[in-house]
Amino acid sequence: MAITLEDLRGDPRRVRTERAVRVTLTAAAATSIMISALIVFSLARETWTFVTQVEWATVFASDGWFPRRGEYNIWTLLVGSAIVTTVAMVIAVPIGLGSAIYLSEYARPSVRKVLKPTLEILAGIPSVVLGFFAISFISPEIVQRFFGATDLFNLMVAGLGVGILSIPLIASVSEDALRSVPQALREASYGMGARKITTTVRVVLPAAVSGLVAAFILAVSRAIGETMVVFIAGGAGGGTLFNTNPLEPGLTMTAAMASQATGTDAVVGEALTFQSLFFVGSVLFLITFLLNVVASRFVRRVRQSY
Amino acid sequence: MALTTPATVGPRAAERSVADQLTKGGADWLGGTFLVLLIASLGFCVLVLVTLMVDVIGTSAPVFSERFVDFMTGTLRTRADEAGLYQGLVGSFWICVFVVVLAFPLGIGAALYLEEYAPDTRFSRFVNVNIRNLAGVPSIVYGILGFTIFTKALRSFTSTGRANGLTVMSAGLTLAILVLPIVIITASEAVRAVPDSLREAGYGVGATRWEVIRSHVLPYAAPGIITGLILSLARALGEAAPLILVGATTGRLAGDPSLLDLGQLRERFTALPIVVTEWAKNPNEGFDELAAAAIVVMLVIVVIANTAAILLRNRYEKKRT
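Residues numbered from 1 in each chain as written. Chains lettered and ligands numbered in written order. Predicted model: local features only at pLDDT ≥ 70, side-chain atom pairs only at ≥ 80, totals over all residues.

Here the focus is the overall build of chain A. Helix and strand counts for chain A stand at 13 helices and three strands. For 306 residues, the compact-globule formula gives about 19 Å, and the C-alpha radius of gyration of chain A, at 25 Å, lies well above that figure. C-alpha extents for chain A along the principal axes are approximately 85 × 65 × 30 Å. Here chain A, with 306 residues, has 49% of them falling under the buried criterion. In chain A, the proportion of contacts linking residues at least 24 apart, taken out of those at least 6 apart, comes to 77%. (Helix = DSSP H or I, 4+ residues; strand = E, 2+ residues; numbered from the N terminus. Rg over C-alpha atoms; globule rule 2.2 N^0.38 Å. Buried ≥ 20, exposed ≤ 12 C-beta atoms within 10 Å, placed from the backbone. Contact = placed C-beta atoms within 7 Å.)

Next comes the structure, spelled out in structure tokens:
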């Protein structure tokens, strides 16, 4: 019996299902592009209004961030974000990196199996919880006691809270980077008679440096974008003067947006108050976007080298 | 210098003797200090977790011992001894429903497309980069998206007249979008881990791509996918920043509908993390305890979810390797 073309073509119903599934799944994948477009669109429209109508002196040369009074000093927020991020990284980089080195280089598998979930649980704790912990414990027991802060709410407290949130991220990305260093490098080092610490510090860490840099940049980006801890513990509500002291209350870009959106049904105030929210959002979006792009460059470099 | 091994005193002593000759008898102080520092940094994480738990549970104790039922079923009030969590629980429940119904199927679908249908086309590479960027967008920026699109542009759809677009539906849609990249990334990883031999066996007996996915790829990848789903649900549950922008209520909330009343989807709402924020910021007597108690409830849910995810993963990892 000869095989006809009809036999090879297959059951038309199966072919139809196959095509329908393909179209549906493609649409699902395309949704993500639509979301990106919507984010840019949401930010761009009101930001454009702000940028074209604002008097730039109120953005760069006013005394502080008081959107309801028409003072939009962006430096106040940028410096606030920088302080919180710096404090956070001072905590998170050594602790996160140390944990990663221990888990990847020193811990036996059985120990690792117990300790790794600790970091994962820490990673799963919502940021509002850290915000509460920051003002109920970190502030009175640590910042006020050892640094002599007078305010219960201040940028340093917020920074420490954000730092704790960033530890698991740094630890997990760094650990991935360290574990992707080939075993042969370590063996070569031991073969030369190097100790464990020499091998770790002089061979493994330099070999993983791209991944470690990526971990750092990702953590910075995450810390800049973190809202709730600063909103709860940062202390400044509707506005703040320009301030570079971490022991004083202050606002970050994120906290400024959140404060501006609370309490009122529609964000109202001076002429451009509403639009300033979007302007800050755009600045925040651009900064974190650039950091993420740089970080993914570094991650790709790790993948290519080994 | 020759290394000598005394043969008569057993392997342990031999090892020590060789080590002594290599290190010339000196202890590795530097290495020891380094190791202590590493252990201390992990110890710090454990310490933070324990302190946090003790702090929160200790602060919340009076609320749970004196008025547990009242607290779980009460509504938002300005008096600390009357306020309760119920409206927050209802809001968070519905937000999770939106995430499950929208983000889960969309995310798994997109992951299947990226991994099974178009692993390396220009379109899928673009989508991949795009998803990774979306995952790094700060959550409050998603709040701006939700505010502009769901609260303003689609107001007539997401809300009744008096709610002004600030509804559970807006919040649920926003958070579904927020966790979508996480769902896609974790599902993609799970699907990528399915061995090719399984697929080839399917194609070998004449199955179509979808038939292979449905009967081989998805069942094999299921534990990994489900782990990702649980983690993203936990994330949605704890996320507060976007909800502030889509107008979660922080003061009093008028209605007190039952849990499954669909009409409330288009009314004003609040959610667990918002309630926590509000109480934590409230300087009046008694609200600290309330915030801590709400956190305990939230943590119990999140930690159960995370533990389930970790256990699920460990169990299946063990089985397969």
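With that settled, consider the overall build of chain B. Tallying secondary structure elements over chain B gives twelve helices and zero strands in all. Scanning chain B from its N terminus toward the C terminus, one meets helices and strands in the order α-α-α-α-α-α-α-α-α-α-α-α. When burial is assessed residue by residue, chain B has 46% of its 321 residues classed as buried. Restricting the contact set of chain B to residue pairs at least 6 apart, pairs at least 24 apart contribute 75%.

Here we come to the interface of chain A and chain B. One frequent convention defines the size of an interface as the accessible area lost when the parts assemble. At the junction of the two partners, chain A supplies 67 residues and chain B supplies 72 residues. Sorting elements by how many residues they give to the side of chain A that touches chain B places helix α2 (residues 12-53) of chain A first, with 19 residues. In terms of residue class, the side of chain A that touches chain B is built from 38 nonpolar, 22 polar and seven charged. (Nonpolar A, V, L, I, M, F, W, Y, C, P; charged D, E, K, R; others polar.)

For the rest of this paragraph, the subject is the domain arrangement of chain A. Residues and elements named next belong to chain A. Looking at the assigned domains, one finds that chain A contains domain 1 (5-53) and domain 2 (59-305). When each unit is reduced to the centre of its C-alpha atoms, the spacing between domain 1 and domain 2 is 34 Å. Contacts between the two partners involve seven residues from domain 1 and, on the opposite side, eight residues from domain 2. Classifying every residue of the side of domain 1 that touches domain 2 gives three nonpolar, three polar and one charged. (Domains from an automatic or database assignment.)

Before going further, it helps to examine the confidence of the model for chain A. For chain A, the mean per-residue pLDDT works out to 88, and 95% of the residues sit at or above 70. No element of chain A has a lower mean pLDDT than helix α1 (residues 5-9) of chain A, which averages 71, and none a higher one than helix α4 (residues 74-106) of chain A, which averages 95. (pLDDT = per-residue confidence, 0-100.)

Let us look at the confidence of the model for chain B. Residues and elements named next belong to chain B. With 90% of its residues at a pLDDT of 70 or more, chain B has an overall mean of 85. Across chain B, element-level confidence peaks in helix α7 (residues 168-192) with a mean pLDDT of 94 and bottoms out in helix α1 (residues 10-23) with 73. At the level of chain-chain contacts, confidence expressed as ipTM amounts to 0.90, with global pTM at 0.88.

All names here are of chain A. The three strands are arranged β2-β1-β3 in an open sheet whose pairing can be described as antiparallel. Looking at which strands have only one partner, the edges of the open sheet turn out to be β2 (71-72) and β3 (240-241). Summarising the sheet, strand β1 (residues 64-66) and β2 pair through two bridges and their orientation is antiparallel. Its bridge partner lying in β2, W65 is registered against Y72. (Pairing = 2+ DSSP bridges.)

It is worth spelling out the nonpolar core at this point. Of all hydrophobic cores here, the largest spans 191 residues; its most connected members are F132(A), A134(A), V276(B) and A294(B). Domain assignment of the residues forming this core places at least three in each of domain 1 (5-53) and domain 2 (59-305) of chain A. Among residues more than four places away in sequence, those in contact with A294(B) are L85(B), G88(B), L272(B), V275(B), V276(B) and W279(B). (Core = buried A, V, L, I, M, F, W, Y, C linked by C-beta atoms within 7 Å.)

In terms of residue burial, helix α11 (residues 272-281) of chain B counts as a mostly covered element, since ten of its ten residues are buried. Within the sequence span of α11(B), burial applies to L272(B), P273(B), I274(B), V275(B), V276(B), T277(B), E278(B), W279(B), A280(B) and K281(B).

For V127(B), the location among the structural elements is in helix α4 (residues 122-135). For the pair formed by V127(B) and V54(B), sequence separation is 73 residues and the distance between their alpha carbons is 44 Å. If sequence neighbours within four positions are ignored, V127(B) has contacts with A29(A), S32(A), I33(A) and L114(B).

What follows concerns the packing of helix α5 (residues 109-124) of chain A against helix α7 (residues 155-179) of chain A. Residue and element names in this part refer to chain A. With their axes 8 Å apart at the nearest point, α5 and α7 run at an angle of 135 degrees to one another. Taken together, the axis directions place α5 and α7 in an arrangement best described as oblique. Where α5 crosses over α7, the two elements pack in a sense that is left-handed. Contact with α5, carried on its side by L119, L122 and A123, involves I167, P168, A171 and S172 of α7 and no other residues of that element. Counted by class, the contact of α5 with α7 contains six nonpolar, one polar and no charged residues. (Axes fitted to C-alpha atoms, helices over the stretch in contact; angles between N-to-C directions. Parallel < 35°, antiparallel > 145°, perpendicular 65-115°, else oblique. Left-handed = near helix turned anticlockwise from the far one by under 90°.)

All names here are of chain A. In this model α2 runs 61 Å from its N-terminal to its C-terminal C-alpha over 42 residues, within 8% of the 62 Å that 1.5 Å per residue would give. At T47, α2 shows its strongest bend, of approximately 25 degrees. For α2, the complete set of buried residues consists of V21, L25, A28, A29, S32, I35, I39, S42, L43, E46, T47 and F50. (Expected span 1.5 Å × (residues − 1). Bend = angle between axes of the 7 residues up to and from the residue.)

Between α2(A) and helix α5 (residues 139-153) of chain B, whose axes approach to 9 Å, the crossing angle comes to 80 degrees. Classed by the angle they form, the pair α2(A) and α5(B) counts as roughly perpendicular. Only V141(B), I144(B), L145(B), T148(B) and I149(B) of α5(B) make contact with α2(A), whose side of the interface consists of L38(A), I39(A), S42(A) and L43(A). Taken together, the residues that form the contact of α2(A) with α5(B) break down as seven nonpolar, two polar and no charged.

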